[in-house]
Amino acid sequence: IFLYIFGAGLVSLAIRSFLQQRARAKQIRQFAQRMGFKYIGATVPKSFPIHRTSSRLARSVSNVVAGDKGHKELVLFDCGLGNGKGRSSRTVVAVHGQHEGFGWAQFGPDLVTERVGEWTLVFGSDRLLIMEEIDALVSAM
């Protein structure tokens, strides 16, 4: 009986995780559509230098959105870093061609700003950004 209960618990955790990921993807797609950006899926655009960022070791990339706002290129995505107990997720919002970054919106309590060439990136240190935070960052461009 213990194995059945344990197995049912694992299955319910997997289903919950799947449903959360699906809801997140839907939110990101709706955001992209509302802002006039393109939802790409699981591949960052070739113009974005992910290999030079602190997210270069991402084991997974999802919910990639790309587009232009004004004369600035925007890329945002969720990624998973690390393995096992050291595993974490983050949402990266990056803009090309804006030296000021994201204005006041980039100074959240646990937000990290990174500059790579002409790109400015903002991400939560060890978490996915909620949609309100993403909207505030994009609006501040």
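Scroll up to find the structure.
Quick caveat: nothing in here was measured; it's all calculated off a predicted structure.

Undergrad: With reference to specific residues and values, describe the overall build of the protein chain.
TA: The secondary structure content of the protein chain amounts to two helices and six strands. The linear arrangement of helices and strands in the protein chain, starting from the amino end, is α-β-β-β-β-β-β-α. Referenced to the eigenvectors of the C-alpha coordinate spread, the extents of the protein chain come out at roughly 60 × 30 × 30 Å. The buried share of the protein chain, reckoned over its 141 residues, is 38%. Within the protein chain, counting contacts between residues at least 6 apart in sequence, those at least 24 apart form 52% of the total.

Undergrad: Before we move on, can you summarise helix H2 (residues 131–139) with the specific residues and values?
TA: For H2, every residue scored as buried is listed here: Met131, Ile134, Leu137 and Val138. Buried positions in H2, seen along its axis, are confined to an arc of 125 degrees and lie on one side of it.

Undergrad: If you had to explain the sheet that holds strand S4 (residues 88–96) to someone new, which residues and values would you point to?
TA: Either a parallel or an antiparallel arrangement is found when strands of a sheet pair, and the pairing is made through backbone hydrogen bonds. Read across the open sheet, the six strands follow the order S1-S2-S3-S4-S6-S5; overall the sheet is antiparallel. Of all the strands in the sheet, just strand S1 (38–41) and strand S5 (111–116) have a single pairing partner and so form its edges. Each neighbouring strand pair of the sheet contributes to a mean axis angle of 20 degrees, computed without reference to strand direction. The sheet strands contacting H2 are strand S2 (60–69), strand S3 (72–81), S4 and strand S6 (119–124), and the helix crosses S4 at an angle near 15 degrees.

Undergrad: Explain the pattern of salt bridges to me, and be specific about the residues and the numbers.
TA: A full pass over the atoms with the stated rule returns four salt bridges. Here Asp110 makes a salt bridge to Arg127, at a shortest N to O gap of 2.7 Å. Of the two residues, Asp110 is situated in the loop between S4 and S5 and Arg127 in the loop between S6 and H2; the sequence distance between them amounts to 17 residues. Owing to a relative accessible area of 24%, Asp110 belongs among the partly exposed residues under this scheme. Given the relative accessible area of 24%, Arg127 is considered partly exposed.

Undergrad: Which residues make up the packing of helix H1 (residues 2–35) against H2, and what values do they have?
TA: The contact between H1 and H2 brings their axes to 11 Å, and the two run at 25 degrees. As the angle between them shows, H1 and H2 are arranged roughly parallel. In this structure, H1 crosses over H2, and the sense of that crossing is right-handed. Residue-level inspection shows Arg24, Gln27, Ile28, Phe31, Arg34 and Met35 of H1 in contact with H2, the latter providing Met131, Ile134, Asp135 and Val138. Broken down by class, the residue content of the contact of H1 with H2 amounts to six nonpolar, one polar and three charged.

Undergrad: Please give an account of the nonpolar core that cites residues and values.
TA: Leu76, Val93, Ile134 and Val138 are the most contacted members of the largest nonpolar core, which has 18 residues in total. Looking at which element gives the most residues to this core, the answer is H2, with four residues. The residues contacting Ile134, other than those within four sequence positions of it, are Arg24, Ile28, Phe31, Leu76, Thr91 and Leu129. Membership of the second largest hydrophobic core comes to 14 residues, among which are Ile50, Val92, Trp119 and Phe123.

Undergrad: Describe H1, with residues and values.
TA: The terminal C-alpha atoms of H1, which comprises 34 residues, lie 50 Å apart, in line with the 50 Å expected from a rise of 1.5 Å per residue. Taken together, the buried positions of H1 are Arg24, Ala25, Ile28, Phe31 and Ala32. Against the buried residues of H1 lie S1, S2, S3, S4 and H2.

Reading the values: the criteria
- Each chain carries its own residue numbering, running from 1 in the written order of its sequence.
- With pLDDT at 70 or above as the cut-off, local features in this predicted model cover only qualifying residues; side-chain atom pairs require 80 or more to be listed or tallied, and sums for whole chains, interfaces and linings still use all residues.
- To obtain the side-chain values, all non-hydrogen atoms of the structure were used and water was disregarded.
- In this text, helices come from DSSP runs of H or I with a minimum length of four residues, and strands from runs of E with a minimum of two, each type numbered from the N-terminal end.
- Whether a residue is buried, partly exposed or exposed follows from its accessible area with a 1.4 Å probe, protein chains only, as a fraction of its type maximum: under 20%, in between, or over 50%, in that order.
- Note on contacts: a residue pair is in contact if any heavy atoms of the two residues lie within 4.5 Å.
- As used here, the arc belongs to the directions running from the helix axis to the C-beta atoms.
- Two strands qualify as a pair provided DSSP detects at least 2 bridges between them.
- To obtain an axis, a line is fitted to C-alpha atoms, over the contacting stretch when the element is a helix, and the angle between two such axes runs from 0 to 180 degrees between their N-to-C directions.
- The salt bridge definition used is simple: a Lys or Arg side-chain nitrogen within 4 Å of an Asp or Glu carboxyl oxygen.
- These descriptions rest on fixed angle ranges, namely under 35 degrees for roughly parallel, over 145 for roughly antiparallel, 65 to 115 for roughly perpendicular, and the rest for oblique.
- In this scheme, a crossing is called left-handed if the near helix is turned counterclockwise away from the far one by less than a right angle; it is called right-handed if the turn is clockwise.
- When residue character is reported, Ala, Val, Leu, Ile, Met, Phe, Trp, Tyr, Cys and Pro are called nonpolar, Asp, Glu, Lys and Arg charged, and the others, Gly included, polar.
- Residues belong to a common nonpolar core when they are buried Ala, Val, Leu, Ile, Met, Phe, Trp, Tyr or Cys residues joined through side-chain atoms within 4.5 Å.
- A helix is expected to span 1.5 Å for every residue after the first.

Distances and angles like these do not, on their own, reveal function.
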